[in-house]
Amino acid sequence: MKPRVLYVEDQQWDMGGVIRNLEMDFEVMTVRSAEEALQALEKDSDSIALILLDIRLITPTNRTVYSAQGRRAGVELARTVRQKYDIPIVCYTANLHPDINQELIDIGVVELVEKGGSIRDLKARMWKHIHV
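Residues numbered from 1 in each chain as written. Predicted model: local features only at pLDDT ≥ 70, side-chain atom pairs only at ≥ 80, totals over all residues. Heavy atoms only, no water.

**Topic: the overall build of the protein chain**
Here's step 1: A tally of helices and strands in the protein chain yields five helices and five strands.
Here's step 2: When each of the 132 residues of the protein chain is scored for burial, the buried share is 51%.
Here's step 3: For the protein chain, the computed accessible surface area is about 7,100 Å², with 49% contributed by carbon and sulfur atoms. (Helix = DSSP H or I, 4+ residues; strand = E, 2+ residues; numbered from the N terminus. Buried < 20%, exposed > 50% of the residue type's maximum accessible area, 1.4 Å probe, protein only. Areas by Shrake-Rupley, 256 points an atom, 1.4 Å probe, with all protein chains shown as cover.)

**Brief notes about the pattern of salt bridges**
Here's step 1: Tallying each qualifying case throughout the model produces eleven salt bridges.
Here's step 2: Across the salt bridge formed by Lys115 and Asp54, the nearest N and O atoms sit 3.5 Å from each other. Here Lys115 is found in the loop between β5 (111-114) and α5 (119-127), whereas its partner Asp54 is found in the loop between β3 (48-53) and α3 (68-84), with 61 residues between them in sequence. Grouping residues by exposure puts Lys115 and Asp54 together as buried.
Here's step 3: A salt bridge links Glu76 to Arg79, with the shortest nitrogen-to-oxygen separation between them at 3.3 Å. With a gap of three residues between them, Glu76 and Arg79 both fall in helix α3, about one helical turn apart.
Here's step 4: For Glu76, a relative accessible area of 34% corresponds to the partly exposed category. (Salt bridge = Lys/Arg side-chain N within 4 Å of Asp/Glu carboxyl O.)

**A look at the sheet that holds strand β1 (residues 4-8)**
Here's step 1: Pairing is parallel across the open sheet formed by five strands, whose spatial order is β2-β1-β3-β4-β5. Taken across any chain shown, the strands that pair with only one partner, and hence form the sheet edges, are β2 (27-31) and β5. Sheet twist, expressed as the average angle between the axes of neighbouring strands with direction ignored, equals 25 degrees. (Pairing = 2+ DSSP bridges. Axes fitted to C-alpha atoms, helices over the stretch in contact; angles between N-to-C directions.)

**Some remarks on the environment of Tyr7**
Here's step 1: Relative to the helices and strands, Tyr7 is located in strand β1.
Here's step 2: For the pair formed by Tyr7 and Leu52, sequence separation is 45 residues and the distance between their alpha carbons is 4.7 Å.

**Quick word on the confidence of the model for the protein chain**
Here's step 1: Chain-level statistics for the protein chain give a pLDDT mean of 87 and a share of 86% at 70 or above.
Here's step 2: By mean pLDDT, the top-scoring element of the protein chain is β3 (97), and the lowest-scoring one is helix α1 (residues 12-22) (79). (pLDDT = per-residue confidence, 0-100.)

**Things to note about α5**
Here's step 1: Turning to α5, its buried residues are Ile119, Leu122, Lys123 and Met126. Down the axis, α5 shows its buried residues gathered within 95 degrees of arc, on one side only.
Here's step 2: Its side-chain oxygen at 3.1 Å from the backbone nitrogen of Arg120, Ser118 defines the N-terminal cap of α5. (Arc of directions from axis to C-beta. Polar contact = N/O pair within 3.5 Å; in protein donor to acceptor, adjacent residues only side chain to side chain.)

What follows is the structure, given as structure tokens:
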């Protein structure tokens with residue numbers, strides 16, 4: 001049985017190729033917001049081996065990822081998840097920033113991976129934190 005990964009990504013056009021590649025090794029459950037991620041975790045946290053999280057997420061009150069609020073949504077989701085669940089989080093984003101990176105590490109995110117890199121590298125980093 002493949003380990004289940006919760007992939008939190010609000011940009012649907014970013015998901016297709018990544019999901020197809022990940023599905024070779026993982027069962028991928030996708031959600032498009034922090035709220036949906038928390039609902040999925042409340043319902044199914046025992047079956048989720050890892051969370052793959054984009055940092056910039058559209059929020060219900062702000063429909064752009066380029067706002068300060070959009071940049072914070074993923075960080076705040078990571079913080080909430082770490083407080084409630086013992087599930088490794090890999091941040092997968094196009095917008096790595098030193099200040100945010102340090103905050104994510106302090107929260108307990110296990111990996112920071114920049115989008116556009118090797119899917120093989122992403123999967124290797126994910127496998128490093130999955131205990132089957």
